[in-house]
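# A look at the structure
This is what each chain is made of:
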Amino acid sequence: MSELHFGPARVPSRETPENAIELLLERGFSACEIDFEGGFWMDYPWAERFGKLARENGIVLSVHAPIAGFMGHVERDKKQRMAVGMLDHSAGIAKAADAELVVFHPGFLLGRERDVAIASVCEQLAELRERLEEKDRAVPFGVEIMGRVRELGTLDDVIAIAGRCGWLRPVLDFAHMHATSDGAFLDVEPFAAALEPADAVLEPGVPFHIHFSDIAYANRNETKHLPYGEGTLRAEPLGEALVRFERPATVISESPDLESDQAIRTALLASARSSSRRASKSAASSSRPRSRRN
């Protein structure tokens, strides 16, 4: 891992861009996801100023589109047109703020076979891309892994969509994967196994984009994000897994409180640094010439 940015899934203040950046820096964050899940609250001048201050202070930004902004609708109706508009506007804000990408949800099966739903998502995303190119706001998008085991949005689904649409990136939500796997993400290997196919579809130098929090689940479906430590998902295996890849990473905490954000940040960075030191020592040891006995 060449570089790690970490931050919250919401802008910490809506008063002014200056106040928001000040809070991010005070809390030791180097990333932030602009939170539009519930609707748009930031205008273009706010986004431009926020983006400028973020760049000056080494803070990486991303945008989370509204929940209803998904593709793959069965009918080309009002809901589908509204979703296109939401993703279009999200892209406009992302460009104004110089954000890395726009995160969105992949949609739903809606009674269709998985391959049919994926084809519909990709078709409508291609149409969206043409619209964004015409407006000069064709920013990268990231499709998020979801937390319901029988719906669209598994790791395989997200990798398939990203593989078909070269401007799309997989967004790995480890809380969701922990839920749908019935709590399987307990050590480094499941994390590394999930990162590997994402690494394969990303262009060199493009960061992993990761969502993380502790999670409650039932019947392999997420129920709610938990304060860190109340569930069984831990950040240390993620930090260790990331070190195995020659790729930067942006990790966004979706925890419900600041204390959890800070705890995840501390555990993740400590684990990554420790793993990097071990890897460096191992590499140095293996490259050192051995003395020959006569």
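Residues numbered from 1 in each chain as written. Predicted model: local features only at pLDDT ≥ 70, side-chain atom pairs only at ≥ 80, totals over all residues. Heavy atoms only, no water.

### Some thoughts on the confidence of the model for the protein chain
Detailed conclusions should not be drawn from predicted coordinates in areas where pLDDT is low. Where we set the bar: The quantity known as pLDDT measures the predictor's confidence residue by residue, on a range of 0 to 100. Any pair of residues with heavy atoms lying within 4.5 Å of one another is described as a contacting pair.
Residues with a pLDDT of 70 or more make up 94% of the protein chain, whose mean pLDDT is 94. Taken together, the stretch residues 290-294 has pLDDT below 50 and engages in 0 contacts with residues farther than four places along the chain or on a different chain.

### A look at the nonpolar core
Rules: What we call a nonpolar core is a set of buried Ala, Val, Leu, Ile, Met, Phe, Trp, Tyr and Cys residues that are connected through their side-chain atoms within 4.5 Å. Type-normalised accessible area, obtained with a 1.4 Å probe on protein chains alone, sets the label of each residue: buried when under 20%, exposed when over 50%, and partly exposed for intermediate values. In DSSP terms, a helix is any run of H or I states spanning at least four residues, a strand is any run of E spanning at least two, and both are numbered starting from the N terminus.
Membership of the largest hydrophobic core comes to 82 residues, with the highest contact counts inside it found for Phe 50, Phe 141, Phe 174 and Phe 212. The greatest single-element share of this core, amounting to 8 residues, is contributed by helix α3 (residues 78-97).

### A closer look at the pairing of strand β9 (residues 221-226)
Quick reminder of the rule: The criterion for strand pairing is that DSSP finds at least two bridges linking the strands in question.
The sheet contact formed by strand β8 (residues 214-218) and β9 spans 5 bridges and is antiparallel. Pairing of Asp 214 across the sheet is with Leu 226, part of β9.

### Focus on the side chain of His 64
Rules: Here a polar contact is taken to be a pair of N or O atoms separated by no more than 3.5 Å, where protein atoms must pair a possible hydrogen donor with a possible acceptor and residues adjacent in sequence count only if both atoms sit in side chains.
On the secondary structure map, His 64 appears in strand β3 (residues 60-64). His 64 sits in the buried class, given a relative accessible area of 2%. Here Glu 144 takes part through its side chain, which lies 3.2 Å from a polar atom of the side chain of His 64. In this structure, His 64 is in contact with Glu 33, Ile 34, Asp 35, Phe 36, Glu 37, Val 103, His 105, Glu 144 and His 211, ignoring residues within four places of it in sequence.

### Comments concerning the sheet that holds strand β2 (residues 31-35)
What counts here: Orientation is described by axes fitted as lines to C-alpha atoms, over the contacting stretch for helices, and by angles from 0 to 180 degrees between their N-to-C directions.
With parallel pairing, the 8 strands of this open sheet are ordered in space as β1-β10-β7-β6-β5-β4-β3-β2. Either end of the sheet is taken by a strand with one partner, and the two such strands are β1 (4-8) and β2. When strand polarity is set aside, the average angle formed by the axes of neighbouring strands in this sheet is 25°. Of the pairings in the sheet, the one linking strand β5 (residues 141-144) to strand β6 (residues 168-173) comprises 4 bridges and is parallel in character. Bridge pairing in β6 links Phe 141 to Leu 168.

### Thoughts on helix α5 (residues 155-164)
Every buried residue of α5 is listed here: Asp 157, Val 158, Ile 159, Ile 161 and Ala 162. Residues of α5 that are buried make contact with α4 (114-134), β5, β6 and α7 (188-201).

### Considering the packing of aromatic side chains
Describing an aromatic ring pair means giving the distance of the ring centres and the angle of the ring planes. Worth spelling out the cut-off: Stacked, tilted and edge-to-face pairs are distinguished by plane angle, under 30 degrees for stacked and over 60 for edge-to-face with tilted covering the rest, among Phe, Tyr and Trp rings (Trp via its six-membered ring) whose centres lie within 6.5 Å. Charge-over-ring contacts are defined here by two conditions on Lys NZ or Arg CZ: a distance within 6 Å of the ring centre and an angle within 35 degrees of the ring normal.
Counted by the stated rule, this structure contains 12 aromatic pairs. Ring centres of Phe 141 and Trp 167 lie 5.4 Å apart, and the angle between their planes is 75°; this geometry places the pair in the edge-to-face category. Taken together, the residues span a long stretch of sequence, with Phe 141 in strand β5 and Trp 167 in the loop between α5 and β6 at a distance of 26 residues. Just as Phe 141 is buried, Trp 167 falls in that class too. Where Phe 174 meets Phe 191, the ring centres are 4.8 Å apart and the plane angle is 40°; that geometry is what we call tilted. Placement of the pair is Phe 174 in helix α6 (residues 174-180) and Phe 191 in helix α7, with a sequence separation of 17 residues. For the pair Phe 174 and Phe 191, one class covers both residues: buried. Residue placement shows Arg 234 over the ring face of Tyr 228; its charged tip is 5.4 Å from the ring centre. Here the basic side chain of Arg 247 rests over the ring of Phe 208, its NZ or CZ set 5.7 Å away from the ring centre.

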